[in-house]
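Residue strings, one per chain:
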Amino acid sequence: MYLNGEDVEGLAGFVCESPGPGDNSQQDNGKRIEEGRYPLSTQFGKKYRSVGFSTDMNEAGALKMPGVLLEHTNKRSGILIHPAHPPTLYLSSVGCLNLTRSLKADEDMNFWDSRERVVDILQSLRAFSATAFGKNDNTMIVGAWVAVDGEPG
């Protein structure tokens, strides 16, 4: 993650996403998003929120879960950074980015690890741009972007 073009120290890890190649030209295509830079916005949806998300640390996937929205995704909509969550840890993630630790081919994401990574990003973004988090609707976080680099090989 970058803020104003600079790496954010301590916010490193890996991302699980849909198979490729990346494609933003049509909705609901089952693929990852294209390589590019995407500005971030707060999210206030039915399942995911940037503020006021569940603090339940007993039930994995308790609504509302933490998340942040990627903007300017062409015909794709609702592309979020959010935790992988039960029951399958991947069900609602077509096009979305699920944060995780390094995984081997036979390992699943861990909800609590993924959630903690998303919360850490939200806290960093809030410290960076508190005004964007002061409204109860989706608001651009000026200067905050996600860079999707290349197709995995």
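Because the structure is a prediction, the values reported are computed rather than measured.

Undergrad: I'd love a proper account of the environment of T55, names of residues and values included.
TA: By the element assignment, T55 lies in the loop between β5 (48-49) and β6 (65-66). Along the chain, T55 and R115 lie 60 residues apart, while their C-alpha atoms are 11 Å from each other.

Undergrad: Hey, could you go over the layout of surface pockets for me, with residue numbers and the actual values?
TA: Empty space within the second largest pocket amounts to approximately 340 Å³. For the second largest pocket, the lining is made up of 19 residues, of which S77, G78, I79, L80 and C96 are closest to its centre. Residue classes in the lining of the second largest pocket are distributed as six nonpolar, nine polar and four charged.

Undergrad: Before we move on, can you summarise the side chain of S50 with the specific residues and values?
TA: Looking at the secondary structure, you find S50 in the loop between β5 and β6. Owing to a relative accessible area of 3%, S50 belongs among the buried residues under this scheme. Looking at S50, its side chain comes within polar contact range of the main-chain oxygen of G67, at 2.7 Å. If we ignore the near neighbours within four places in the chain, the residues touching S50 are T42, Q43, G67, V68, L122 and F133.

Undergrad: Help me get a handle on the state of the cysteines, residues and values and all.
TA: A full pass over the atoms with the stated rule returns zero disulfides. Unpaired in terms of disulfides, C16 finds its nearest cysteine sulfur in C96, a separation of 13 Å.

Undergrad: Give me the lowdown on helix α1 (residues 111-128), citing residues and values where you can.
TA: Since the α-helix packs 3.6 residues into each turn, any two residues three or four apart lie on the same face. Taking 1.5 Å of rise per residue, the 18 residues of α1 would be expected to cover 26 Å, and the 26 Å separating its terminal C-alpha atoms lies within 8% of that figure. Of the positions making up α1, those classed as buried are F111, D113, S114, R115, V118, V119, I121, L122, S124 and L125.

Undergrad: Give me the packing of aromatic side chains: which residues, what numbers.
TA: Evaluated as defined, the whole model comprises one aromatic pair. Considering the side-chain rings of F111 and W112, the 4.8 Å spacing of their centres and the 80 degrees angle between planes classify their relative orientation as edge-to-face.

Undergrad: With reference to specific residues and values, describe the pattern of salt bridges.
TA: Tallying each qualifying case throughout the model produces three salt bridges. Across the pair R101 and E107 runs a salt bridge whose closest N-O atoms are separated by 3.3 Å. The class for R101 is partly exposed, based on a relative accessible area of 35%. Judged by relative accessible area, E107 falls into the partly exposed class, the value being 30%.

Basis of the calculations
- Position numbers for residues start from 1 in each chain and track the written sequence from start to end.
- Owing to the predicted nature of the model, reporting of local features is limited to residues with pLDDT of at least 70; listing and counting of side-chain atom pairs is limited to 80 or more, with chain, interface and lining totals taken over all residues.
- Only heavy atoms go into the side-chain values, all of them from the structure, while hydrogens and water stay out.
- Strands are runs of DSSP state E lasting at least two residues, helices are runs of H or I lasting at least four, and both sets are numbered from the N terminus onward.
- Cavity: a set of points on a 1 Å grid over the protein atoms alone where a 1.4 Å probe fits but cannot get out. Pocket: an open set with protein on both sides within 12 Å along at least five of seven lines, its lining residues, like those of a cavity, having an atom within 4 Å of a point.
- Grid points are joined across faces, edges and corners, and a volume is the space filled by probe spheres set on the points.
- Under the scheme applied, nonpolar residues are Ala, Val, Leu, Ile, Met, Phe, Trp, Tyr, Cys and Pro; charged residues are Asp, Glu, Lys and Arg; polar residues are all the others, including Gly.
- Accessibility here uses a 1.4 Å probe with only protein chains present; expressed as a share of the type maximum, an area under 20% marks a residue as buried, one over 50% as exposed, and anything in between as partly exposed.
- Pairing of N or O atoms within 3.5 Å defines a polar contact, subject to two protein rules: one partner must be a possible hydrogen donor and the other a possible acceptor, and residues neighboring in sequence count only if both atoms are side-chain atoms.
- Two residues qualify as a contact provided that any one of their heavy atoms is within 4.5 Å of a heavy atom in the partner residue.
- Pairs of cysteine sulfur atoms within 2.5 Å are what we label disulfides.
- For a helix, the expected span equals 1.5 Å multiplied by the residue count minus one.
- For this analysis, a ring pair means two rings from Phe, Tyr or Trp (six-membered ring only for Trp) whose centres lie within 6.5 Å, classed as stacked if their planes differ by under 30 degrees, edge-to-face if by over 60, and tilted for the remaining angles.
- Definition used for salt bridges: Asp or Glu carboxyl oxygen within 4 Å of a side-chain nitrogen of Lys or Arg.

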